[in-house]
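Architecture at a glance
What follows is the residue order along each chain.
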Number of protein chains: 2
Amino acid sequence: MRVRPIILSGTDGGGLWPLARGQAPSHLQPIFGDRSPLQEAARSLASADLFGPPIVVAQAQHRFLAAQQLADIGVTPEAIILEPASRGALAATAFALAWQETVEPEAIVLIAPGDQAVRKADAGAFRRAVSAALPLAAASDIVTFAAPARPWLKHRRAYADGLVDAGWLLAKASKLQALIDAVSPELGACARRAVAQARADLDFLRLDAATTASAPEIDFQRLLDAAQDGLNIQAIDFTPVLARDWPELHAARRDAQDADGNIAEGDAILLESANCYVRSPDRLTTLSGVQDLAVIVTDDAILVANMKAPGAARMLSARLAQTNRPEANAHPMEHRPWGQFKRLAAGDRYQVKRITVKPGGATSLQKHHHRAEHWVVVAGTAEVTVGAETRLLMENEAAYLPLGAAHRLANPGKIPVELIEVQSGAYLGEDDIMRLDDPYQRDA
Amino acid sequence: MRVRPIILSGTDGGGLWPLARGQAPSHLQPIFGDRSPLQEAARSLASADLFGPPIVVAQAQHRFLAAQQLADIGVTPEAIILEPASRGALAATAFALAWQETVEPEAIVLIAPGDQAVRKADAGAFRRAVSAALPLAAASDIVTFAAPARPWLKHRRAYADGLVDAGWLLAKASKLQALIDAVSPELGACARRAVAQARADLDFLRLDAATTASAPEIDFQRLLDAAQDGLNIQAIDFTPVLARDWPELHAARRDAQDADGNIAEGDAILLESANCYVRSPDRLTTLSGVQDLAVIVTDDAILVANMKAPGAARMLSARLAQTNRPEANAHPMEHRPWGQFKRLAAGDRYQVKRITVKPGGATSLQKHHHRAEHWVVVAGTAEVTVGAETRLLMENEAAYLPLGAAHRLANPGKIPVELIEVQSGAYLGEDDIMRLDDPYQRDA
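Computed from a prediction, not measured in an experiment: that's the story for all the values here.

On to the overall build of chain A. Looking only at helices and strands, chain A features 10 helices and 26 strands. For chain A, the C-alpha radius of gyration of 23 Å lies close to 22 Å, the compact-globule estimate for 444 residues. When the backbone C-alpha atoms are referred to their principal axes, chain A occupies close to 70 × 60 × 40 Å. A buried classification covers 59% of the 444 residues belonging to chain A. The contacts in chain A between residues at least 6 apart in sequence include a share of 67% that link residues at least 24 apart. About 17,300 Å² of surface is accessible on chain A, with carbon and sulfur atoms providing 50% of the total.

As structure tokens, then:
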């Protein structure tokens, strides 16, 4: 009997700003080299003898990126359940359980945070702990795991003996379902209704906005409190890596630290500095004579924070969101199902983007009311449709898309297409787009 | 009788990296709001009743930018003397004096560092000090000025009574000339020969490379030592602002500090931080819970340095220069006599630039052997020549420049032209340019 992982890949609290942002949550960012917490979490749960394919609960707006990241590491989920907006971890769990109820209600599930991973060195210990707990779950216990307390985990729920809740929950699906019904019959009913009314969309299961919006937002802790009698706490001797805060991540990733306690990722030079976390993938960042700093460099925003005073990123992220600053919400690089684009420059009446279309990818057939566009192909071969005409453009060839003309960009080739787009017009927002036909069935 | 300022705008030591670089020396960078140390130095010396037009000694490679900056603040130099490469402050002084000897050898000159300015609040005191010292200079004294010693000036020459050399020297030109001849007859002769052989080029006086290369490099201090008997030290009660090091500049610019001792320039947010110098003109930089940091953000390089341990920028700059890193030498934004350009993106076989041509500006008529170019005008009206054809391009119009085609870009209008250039080719270096005709008479 294999365990069904339920990976909760919902919102985050802004603790990894400026890398993580509203539209680019921490669990989808390349925090572990080129891999994201979601990928590391899924990898931790990819032992085929112990775990079956996971259910992933994610926000609809992140569906293509989440699916792509799972595909990139060879994980094929049993289902990707999409919430129009996150209603918290308990609602996400309820949605997954309601779906599980329709296929195999007596299965044993492992509820797993999508921003938590197991170090490779601890993978064996993790699997042994889950295996050892299986008979308990089969006997209808709710099993939690408790890891050695680390200072950076002290805000999580404290257990006796210096252990803290490691964040996983192993139990029969039906048992958890019953607990949710006990905690909030309204949530249980809402989740079942949402799953019953859900709509298949490509490989996704889309929950309805109106239904999910009525799901009560309840603290996950209430589930554990309700389980109190049947709660079985298993001690583990390793600590998972939780990607929620730079100081915490720095401390937990001691295997990535050099002899001075520094983690330096990207193009970084450190002189006489110690216990710093530097992340600067695209430009040179130099530190001299400093200690305990998180220095996180992105294209449009930089954080320099004292790691001895945690919470800085969260506070800044919230403050920027309050004033509607774009740096709180999105990166200049944005992902689309067909590839990605990055804003290179912008002026009063123009904007320049570098667009990458992956092999086989195609944008919607679209038009704009306020801008004209020039495309210059700089790598690969693009198939460009303008009005009634479709032609192939090679490197160093250009196309002009007049205002109002229907157009589409596709990559019929074997290598990525890169092109430079120069937009001209009085309004250049992403929302000036009318999709006439879309292979990815996006509404807007 | 007005004093002739001689402004030495030569090399710098890398203390303001990453803002200042080999091809972008500190005295030409916008350090004081949008004004450079050269502009602030020239402004300090622009009192028409006391000072005549200055002689500026600069490196040939910086001539257009230096001239433009002086023009922008309404200063018309008597001469801009160009060294092919800097031979140090004493050689620069010798070149200026050799030129002065040919027009008015008995004039009183003020030797002034090009990276030193007088605060506006101190402008009156500065003029009074120079005025008061004029009779001494007329009587053939060599007058130096000594400012209150500040910790950040302690590396400069210490005088009695807690005063340090303020960096200016007031004397008759003939007197200084005689001193140089005494210190190094070779330098005096070389400087006269260099001036005699100099070539007028537009508004510049270009010294010959072979002649100036033979000028001995001698410590400026030797001049003061030789003057010992006739050296007259005048105490002043203000301290000039010297742009040579971030900690020094931070301390000297106390008028730019907020209540917590922070200087925040550009898009910066500081939480619970004190005594920091943040400079981030083009992107958001956030600091939290830190003290005594210089955080200097440029397009391609970032410095985070403890200001209590000076010398970091100099050390990093030298280290990067040793490994030929481009960040030691030039900015992605480069100035040209016709305007400027900035590299926005680069790939294996392409490069994207935003080019700005000022009204009346024109590039050389040129061609490339290894690249083709697409131009898309995004602001203003450009006059584009390709081969035998010249036409006007407006916003949202494009031109294609095939490999090998002679082309020129000009701005016949009243507002700046902005355009996006997309280069394609196997070699994209700045040196793949054959100038067929150049309004600015550049050799290459």
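On to the sheet that holds strand 10 (residues 231-235) of chain B, then. All names here are of chain B. With mixed pairing, 9 strands are arranged side by side in an open sheet as 8-9-3-2-1-4-7-6-10. Pairing within the sheet leaves two strands with one partner each, and these edge strands are strand 8 (199-201) and strand 10. Strand-to-strand twist across the sheet, computed as the mean angle between neighbouring axes with direction ignored, equals 25 degrees.

Once that is clear, we can look at the relation of the copies chain B and chain A. The two copies are related by a screw motion: chain B maps onto chain A through a turn of 180 degrees and a shift of 0.0 Å along the axis, at an RMSD of 0.1 Å. When the rotation and shift are considered jointly, the pair of chain copies conforms to a two-fold rotation axis. Of every C-alpha in chain B, the one belonging to B:Leu344 sits nearest the axis of rotation, 3.0 Å from it. The fraction of interface residues of chain B whose copies in chain A are also interface residues reaches 100%, indicating that both copies meet through the same surface.

The next thing to look at is the environment of B:Gly347. All names here are of chain B. Its place among the elements puts Gly347 in the loop between strand 17 (339-346) and strand 18 (350-357). For Gly347, a relative accessible area of 32% translates into the label partly exposed. Put simply, Gly347 and Ser424 are 77 residues apart on the chain and 9.5 Å apart in space, counted from C-alpha to C-alpha.

Further remarks concern the interface of chain B and chain A. The interface of chain B with chain A comprises 52 residues on the first partner and 52 residues on the second. Inspection of the region where chain B meets chain A yields 4 salt bridges. Its salt-bridge partner being A:Arg325, residue B:Asp267 comes within 2.6 Å of it at the nearest N-O pair. Taken together, the links from chain B to chain A amount to 28 residue pairs in polar contact (both at pLDDT 80 or more).

In this section: the sheet that holds strand 16 (residues 333-336) of chain B. Within a beta sheet, neighbouring strands are joined by backbone hydrogen bonds and run either parallel or antiparallel to one another. Residues and elements named next belong to chain B. Reading across from one edge, 16-17-18-25-20-23 is the order of the 6 strands in this open sheet, with antiparallel pairing throughout. The open sheet terminates on both sides in strands that have one partner only, identified here as strand 16 and strand 23 (398-401). Here the average twist between neighbouring strands, direction ignored, is 20 degrees. Pairing between strand 17 and strand 18: 7 bridges, direction antiparallel. Within the sheet, the bridge partner assigned to Arg343 lies in strand 18 and is Lys353.

Turning our attention to the domain arrangement of chain A. The domain architecture assigned to chain A consists of domain 1 (4-242), domain 2 (250-310) and domain 3 (333-437). Computed from C-alpha atoms alone, the centre-to-centre distance between domain 2 of chain A and domain 3 of chain A is 36 Å.

Once that is clear, we can look at the pattern of salt bridges. Across all of its chains, the model carries 51 salt bridges over all chains by this definition. For the salt bridge of B:Arg87 with B:Glu217, the shortest nitrogen-to-oxygen distance reads 3.7 Å. Here the residue B:Arg87 occupies a position in the loop between strand 3 (79-83) and helix 3 (89-103), and B:Glu217 occupies one in the loop between helix 7 (209-213) and helix 8 (221-226), the gap between them amounting to 130 residues. Residue classification places B:Arg87 among the partly exposed positions, given a relative accessible area of 22%. Among the ionic contacts, a cluster of salt bridges with common partners joins A:Glu334, A:Arg336, A:Arg343, A:Lys353 and A:Glu430.

This next bit is on helix 10 (residues 312-322) of chain A. Those residues of helix 10 of chain A that fall on the buried side of the exposure criterion are A:Ala312, A:Ala313, A:Leu316, A:Ser317 and A:Leu320. In an axial view of helix 10 of chain A, the angular spread of the buried residues amounts to 125 degrees, which keeps them on one side of the axis. Buried-residue contacts for helix 10 of chain A involve helix 9 (246-252) and strand 15 (301-306) of chain A together with strand 12 (263-271) and strand 13 (277-288) of chain B. Where helix 10 of chain A ends, the next residue or the one after it, A:Asn324, has phi of about 55 degrees, a positive value.

What counts, and at which threshold
- Residues numbered from 1 in each chain as written.
- Chains lettered and ligands numbered in written order.
- Predicted model: local features only at pLDDT ≥ 70, side-chain atom pairs only at ≥ 80, totals over all residues.
- Heavy atoms only, no water.
- Helix = DSSP H or I, 4+ residues; strand = E, 2+ residues; numbered from the N terminus.
- Rg over C-alpha atoms; globule rule 2.2 N^0.38 Å.
- Buried < 20%, exposed > 50% of the residue type's maximum accessible area, 1.4 Å probe, protein only.
- Contact = heavy atoms within 4.5 Å.
- Areas by Shrake-Rupley, 256 points an atom, 1.4 Å probe, with all protein chains shown as cover.
- Pairing = 2+ DSSP bridges.
- Axes fitted to C-alpha atoms, helices over the stretch in contact; angles between N-to-C directions.
- Least-squares fit on C-alpha atoms with pLDDT ≥ 70 in both.
- Salt bridge = Lys/Arg side-chain N within 4 Å of Asp/Glu carboxyl O.
- Polar contact = N/O pair within 3.5 Å; in protein donor to acceptor, adjacent residues only side chain to side chain.
- Domains from an automatic or database assignment.
- Arc of directions from axis to C-beta.

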